[in-house]
Amino acid sequence: MWLALIAMVLSGCHNKHEQLQQQIEQRKSALKHHQDSALSASQLDVQRLDSELQVVSAQYEKMKRASEQAHANGTATAQQLTATTQMRLRRDSLQAQFDAQCAKIKYIRKRQKEE
């Protein structure tokens, strides 16, 4: 009788262990899929942000030179200076987003390498 009870308990433990192992493998698979999709999305964002950042940086540099020239001549308007400042803010914002996405990609790759 005791032997049958012990056998049932051990059998139940073995089944539970197998179920837990299957769940662990499913979670690992889901994590890999999530990391791959997040990496792909981040890489696309980096490409988009890089292109936009280059355009905005060029516009800002052009506006900055024009504003500095107008300021030196004494003909700078408040609107011109404000527009230049807003363009700088936009450039800085895009740069921060770009840096964050690059850090995200680096982190995901690091985690993938660890596994």
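Right above here is the structure, for reference.
This one's a predicted model, so the numbers in the text were calculated from it and none came from an experiment.

**Q** Quick question: what am I supposed to make of the overall build of the protein chain here?
**A** For the protein chain, the count of helices and strands is 2 helices and 0 strands. Relative to its full complement of 115 residues, the protein chain shows a buried share of 16%. Contacts spanning at least 24 positions in sequence make up 81% of the contacts within the protein chain whose residues lie at least 6 apart. In the form shown here, the protein chain has an accessible surface area of approximately 9,000 Å², with 58% of it arising from carbon and sulfur atoms.

**Q** How should the pattern of salt bridges be read in this particular structure?
**A** If the charged atoms of two oppositely charged side chains come close together, the side chains can form a pair. If you walk through the whole model with that rule in mind, you get 5 salt bridges. Glu 52 is paired through a salt bridge with Arg 90; the nearest N and O atoms lie 3.1 Å apart. Taken as a pair, Glu 52 in helix H1 (residues 2–73) and Arg 90 in helix H2 (residues 78–114) lie far apart in primary sequence, 38 residues in all. Owing to a relative accessible area of 25%, Glu 52 belongs among the partly exposed residues under this scheme. Judged by its relative accessible area of 39%, Arg 90 is partly exposed. The network of salt bridges with shared partners includes Arg 48, Glu 52 and Arg 90.

**Q** Help me out: how do you make sense of the side chain of Ser 42 in this one?
**A** As for its position among the elements, Ser 42 is in helix H1. You can call Ser 42 buried: its relative accessible area is 1%. Once residues within four sequence positions are removed from consideration, Ser 42 is found in contact with Gln 101, Lys 104 and Ile 105.

**Q** Help me understand H2, please; the structure alone is not making it clear to me.
**A** Count 3.6 residues to each turn of an α-helix, and residues three or four apart come out pointing the same way. Under the 1.5 Å per step criterion, the end-to-end length of H2 is 54 Å for 37 residues, consistent within 8% with the ideal 54 Å. If you check which residues of H2 are buried, you get Thr 84, Met 87, Leu 94, Phe 98, Gln 101, Ile 105 and Ile 108.

**Q** Even after reading the chapter, I still don't get the nonpolar core, so can you show me in this structure?
**A** Soluble globular proteins tend to bury their nonpolar side chains together. By size, the foremost hydrophobic cluster in this structure holds 12 residues: Ala 38, Leu 39, Val 46, Leu 49, Leu 53, Val 56, Tyr 60, Met 87, Leu 94, Phe 98, Ile 105 and Ile 108. Not counting residues up to four positions away in its chain, the partners in contact with Leu 53 are Arg 91, Leu 94, Gln 95 and Phe 98.

**Q** Please explain the side chain of Thr 84 as it appears in this structure.
**A** Relative to the assigned elements, Thr 84 resides in helix H2. Looking at Thr 84, the relative accessible area reads 8%, which means it is buried. Thr 84 has contacts with Tyr 60, Met 63, Lys 64 and Ser 67, leaving out every residue within four places of it along the chain.

What counts and how
- Residues numbered from 1 in each chain as written.
- Predicted model: local features only at pLDDT ≥ 70, side-chain atom pairs only at ≥ 80, totals over all residues.
- Heavy atoms only, no water.
- Helix = DSSP H or I, 4+ residues; strand = E, 2+ residues; numbered from the N terminus.
- Buried < 20%, exposed > 50% of the residue type's maximum accessible area, 1.4 Å probe, protein only.
- Contact = heavy atoms within 4.5 Å.
- Areas by Shrake-Rupley, 256 points an atom, 1.4 Å probe, with all protein chains shown as cover.
- Salt bridge = Lys/Arg side-chain N within 4 Å of Asp/Glu carboxyl O.
- Expected span 1.5 Å × (residues − 1).
- Core = buried A, V, L, I, M, F, W, Y, C linked by side-chain atoms within 4.5 Å.

Bear in mind that shape data such as this cannot, by itself, settle questions of function.
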